[in-house]
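If you want the building blocks of each chain, they are given just below.
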Amino acid sequence: MLRDSFGRVATDLRVSLTDKCNLRCTYCMPPEGLEWLPNAQLLTATEIVRLVTIGVERLGITEVRYTGGEPLLRRELVDIVARTTALAPRPQVSLTTNGIGLAKLAGALAGAGLDRVNVSLDTLDRDVFKRLAHRDRFADVIDGLAAAHDAGLRPVKVNTVLMRGINDHEAVSLLGWCLERGYELRFIEQMPLDAQHGWTREDMVTADEILALLTTAYELTPDDLEERGSAPAERFLVDGGPDRVGVIGSVTRPFCGACDRVRLTADGQIRNCLFATEESDLKSALRAGASDEELAERWIAAVSRKRAGHGIDDPSFLQPSRPMSAIGG
């Protein structure tokens, strides 16, 4: 098992397939983009599946989430998903995406066994979308959401980051729009993971503020807290249910004590936290001919060093040098 020194056991593996993205969201990267990793530094599809297999068959991983960058840019995505869902015991397999290209791939991904998707959507206004993402791809995201729902990748979850003075006035309308379509909305506090290092606590719309905005139009009651477990989202019944909305307060309401996640970057590094400043290299050992047992031992050792929390409130906190696109959510 992937157990750390605080007794937490990692069962949820987040795997970044690429650091590349076809959007330039302001809370992630500058408009001109970033310098992408050379292809030779990225794990191959076979290497990804081998490490995921070790995690599932030897180390107790029960859920695999493929992320990026933008994972739909990885040509082997459908094959990687199919090979992952064929593992025994079969893990739950999901995908976090910006939705561009999902309209074309949703059916194939469902056929490969993908269980569900999380799609990022921060606004219902095309002009605001262009301002935030520096790309005019709003219609592609909307089409991708509908295609995922039609393909049975449910519940389709929508991830939204509210930014002060930009889209925070859309909180209520975003929830109403998602409820009408059967999507499950998750509001996420903006985190210090932008490449520009421009994040400030003052500019962040907090979980408390998000809830205050929503309760101007809806009655929210906490869902069964005992069922939350290690889930990052606090879930609330909307107008008595059964519909729900989630709020992920990574900064102001940290859930580090129940964290069960571990991350594998696109270049083969193990990260215990989005905000970690250290990584453990599996790729070099893998390419040097390490056995599955040796790779598992390295992975176990890496997770054993997981820190108690992300430490954002600590005066000594330093933002990770890697931005979100290079880590994988």
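As a reminder, the structure under discussion sits directly above these lines.
The structure displayed is predicted, hence computed values, not measured ones.

Caption draft 1: Focus on the overall build of the chain. When helices and strands are counted, the chain shows ten helices and twelve strands. Within the span of the chain, comprising 329 residues, buried residues form 55% of the whole. For the chain, the proportion of contacts with a sequence separation of at least 24, taken over those separated by at least 6, is 73%. Between the mean site of the 39 positive side-chain charges and the mean site of the 48 negative ones, the chain shows a separation of 4 Å.

Caption draft 2: Just the pairing of strand β6 (residues 184-188), in detail. The buried count for β6 comes to five of five residues, which makes it a mostly enclosed element. Residues Glu-184, Arg-186 and Ile-188 of β6 are buried on one face, and the alternating residues Leu-185 and Phe-187, pointing to the opposite face, are buried as well. One ladder, built from four bridges, connects strand β5 (residues 157-160) with β6; its direction is parallel. For Thr-160, the partnering residue across the bridge sits in β6 and is Phe-187. Handedness of the crossover joining β5 and β6 through helix α6 (residues 171-181) is recorded here as right-handed. Pairing geometry for β6 and strand β9 (residues 244-248), over four bridges, is parallel.

Caption draft 3: Representation of α6 within the structure. Listing the buried residues of α6 in full gives Ala-171, Leu-174, Leu-175, Gly-176, Trp-177 and Cys-178. Downstream of α6 by a residue or two, Gly-182 has a phi angle that is positive, lying close to 80°.

Caption draft 4: Region of the structure containing the nonpolar core. Residues Val-15, Val-52, Tyr-66, Leu-145, Val-245, Val-262 and Trp-299 are the most contacted members of the largest nonpolar core, which totals 95 residues. Looking at this core, the element that brings in the most residues is helix α1 (residues 45-59), giving eight residues. Residues in contact with Val-52, not counting those within four places in the same chain, are Leu-13, Val-15, Val-64, Tyr-66, Thr-84 and Leu-87.

Caption draft 5: Looking closely at the packing of aromatic side chains. Evaluation of the coordinates by the stated rule reveals two aromatic pairs. Geometrically, the ring pair formed by Phe-129 and Phe-138 is edge-to-face, given 5.9 Å between the ring centres and 65° between the ring planes. Neither Phe-129 nor Phe-138 differs from the other in exposure class; each is buried.

Caption draft 6: Geometry of unusual backbone geometry. The omega torsion across Ala-88 and Pro-89 is 0°, close enough to zero to call that bond cis. As for its placement among the helices and strands, Pro-89 is situated in the loop between α2 (77-85) and β3 (92-97). Its identity is not glycine, yet His-134 carries a phi of approximately 60°, on the positive side. Position of His-134 among the secondary structure elements: in the loop between α4 (126-133) and α5 (138-150). Even without being glycine, Asp-239 reaches a positive phi, approximately 50°. As for its placement among the helices and strands, Asp-239 is situated in the loop between β8 (234-238) and β9. Given the relative accessible area of 45%, Asp-239 is considered partly exposed.

Thresholds applied
- Residues numbered from 1 in each chain as written.
- Predicted model: local features only at pLDDT ≥ 70, side-chain atom pairs only at ≥ 80, totals over all residues.
- Heavy atoms only, no water.
- Helix = DSSP H or I, 4+ residues; strand = E, 2+ residues; numbered from the N terminus.
- Buried < 20%, exposed > 50% of the residue type's maximum accessible area, 1.4 Å probe, protein only.
- Contact = heavy atoms within 4.5 Å.
- Lys, Arg positive; Asp, Glu negative; His and termini not counted.
- Charge placed at Lys NZ, Arg CZ, Asp CG, Glu CD.
- Pairing = 2+ DSSP bridges.
- Right-handed = clockwise from strand over helix to strand, strands pointing away.
- Core = buried A, V, L, I, M, F, W, Y, C linked by side-chain atoms within 4.5 Å.
- Phe/Tyr/Trp six-rings, centres within 6.5 Å; stacked < 30°, edge-to-face > 60°.

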